[in-house]
Amino acid sequence: MKRLILILLVATAAITSARSQSLAIIYNKQRINNGTVVLLNGQHNNDPFYEVVAHARVLNLTNRSVDVRAKRIIIDTVAGTENYLCWVQCFPPNVDVSQQLHTIPANDTTANDVFGGHYVPKGRPGKTIIKYEFWVEGSPEDKAFFTVEFLVQPSSIFENNSRMGNASPNPARESVKIDYQLQPTTQNASIRISNLMG
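Per-chain numbering applies: the sequence of each chain, read as written, is numbered from 1 onward. Local features are withheld for residues below a pLDDT of 70 in this predicted model, meaning they are given only at 70 or higher, and side-chain atom pairs are given and counted only at 80 or more; totals for whole chains, interfaces and linings count all residues. Side-chain metrics in this entry use all non-hydrogen atoms of the structure; hydrogen atoms and water are not considered.

(A) Representation of the sheet that holds strand E2 (residues 30-32). Any two strands are treated as partners once DSSP identifies two or more bridges connecting them. The helix and strand labels rest on DSSP assignments: H or I over at least four residues marks a helix, E over at least two residues marks a strand, and numbering proceeds from the N terminus. Read across the open sheet, the 3 strands follow the order E2-E1-E5; overall the sheet is antiparallel. The open sheet is flanked by E2 and strand E5 (57-60), the only strands paired with a single partner. Here the strands of the sheet are splayed against their neighbours by 45° on average, with no regard to which way each runs. Of the pairings in the sheet, the one linking strand E1 (residues 23-27) to E5 comprises 4 bridges and is antiparallel in character. Axis definition: a line fitted to C-alpha atoms, limited for helices to the stretch in contact. Angles are taken between N-to-C directions and run from 0 to 180 degrees.

What follows is the structure in structure tokens.
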């Protein structure tokens, strides 16, 4: 009986330690859960060097220093754009896993500039989705991860050659007429009407 209890205690301890997580993500000064999806908006422009950058910090939840690697997993990307991973240093777009480790002290976080998920839209609007994982070296299952949706879109309808005419009559009492012309490829459009107070 004592032997059975000892085996159960050892098994329970092993399962508990296997489930404990050593790392967490800090995004916008808040700890986020594994699997959190973050939406990061960018402005559509024709600057080929314009970047949208996701910054996060990695928190070491243990009472010992840990060596950590980072990984980029491209889920969906707009054709003709680029993205790259920075973990201590920045890597070319063809590198998905950081080539160097970063030591995070016990119960501490990385500095603000250690991690960066860089997205270069190159003048192309749309949504690119990238998952970022961080794990303790030697224990790839001991990881923290989050996903970033990089959304780059025109900031006004005039950027995509759509046109909107004047409202008439102006001022209006009960109804108003607005002439508009959208691009043939437009799938969704909306008009927001507000007074001077918003």
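We are not done yet, so read on.
(B) Summary view of the nonpolar core. Put simply, a nonpolar core is a bunch of buried Ala, Val, Leu, Ile, Met, Phe, Trp, Tyr and Cys residues held in one set by side-chain atoms that sit within 4.5 Å of each other. Buried, partly exposed and exposed residues are distinguished by accessible area as a fraction of the type maximum, computed with a 1.4 Å probe on protein chains only: under 20%, between the cut-offs, and over 50%, respectively. Ranked by size, the top nonpolar core spans 31 residues in total, and within it Trp87, Tyr132, Phe134, Phe146 and Phe150 carry the most contacts. For this core, the secondary structure elements donating two or more residues are E1, strand E3 (36-43), strand E4 (52-54), strand E6 (66-76), strand E7 (82-87), strand E10 (115-120), strand E11 (126-136) and strand E12 (139-153). Per element, the largest residue contribution to this core is 5 residues, and it comes from E12. Throughout, a contact is declared for two residues whenever any of their heavy atoms are within 4.5 Å. Setting aside anything within four residues of it in sequence, one finds Phe134 in contact with Leu23, Ile25, Val58, Val68, Arg69, Ala70, Trp87, Phe115, Asp142, Lys143, Ala144 and Phe146.

(C) Expanded view of the packing of aromatic side chains. Only Phe, Tyr and Trp rings take part, Trp by its six-membered ring, and two of them pair if their centres are within 6.5 Å. Stacked means planes under 30 degrees apart, edge-to-face means over 60, and tilted covers everything else. Counted under the stated rule, the structure contains 7 aromatic pairs. Here Tyr27 and Phe146 contribute two aromatic rings whose centre-to-centre distance is 6.1 Å and whose plane-to-plane angle is 45°, an arrangement assigned as tilted. With a gap of 119 residues between them, Tyr27 in strand E1 and Phe146 in strand E12 connect regions that are remote in the sequence. Using a relative accessible area of 12% as the deciding quantity, one classes Tyr27 as buried. The class of Phe146 is buried, set by a relative accessible area of 0%. Each ring, one from Tyr132 and one from Phe146, has its centre 5.9 Å from the other, and the planes form 35°; the classification is tilted. Taken together, the positions of Tyr132 in strand E11 and Phe146 in strand E12 put the pair 14 residues apart, joining distant regions of the chain. Three or more aromatic residues joined by ring pairs form one cluster here, namely Tyr27, Trp87, Phe115, Tyr132, Phe134 and Phe146. The criterion is that NZ of a Lys, or CZ of an Arg, lies within 6 Å of the ring centre and within 35 degrees of the ring normal, and then a charge sits over that ring. One residue, Lys131, lies across the ring of Phe145, its end atom 4.5 Å from the ring centre.

(D) Summary view of the state of the cysteines. Disulfide assignment relies on a single distance test, namely cysteine sulfur atoms paired within 2.5 Å. As enumerated under the stated definition, the model contains 1 disulfide in all. Note on cysteine connectivity: Cys86 is disulfide-linked to Cys90, with sulfurs 1.9 Å apart. Judged by the sign of its S-S torsion, about 100°, the bond between Cys86 and Cys90 is right-handed.

Purely spatial values, then, with no claim about function.
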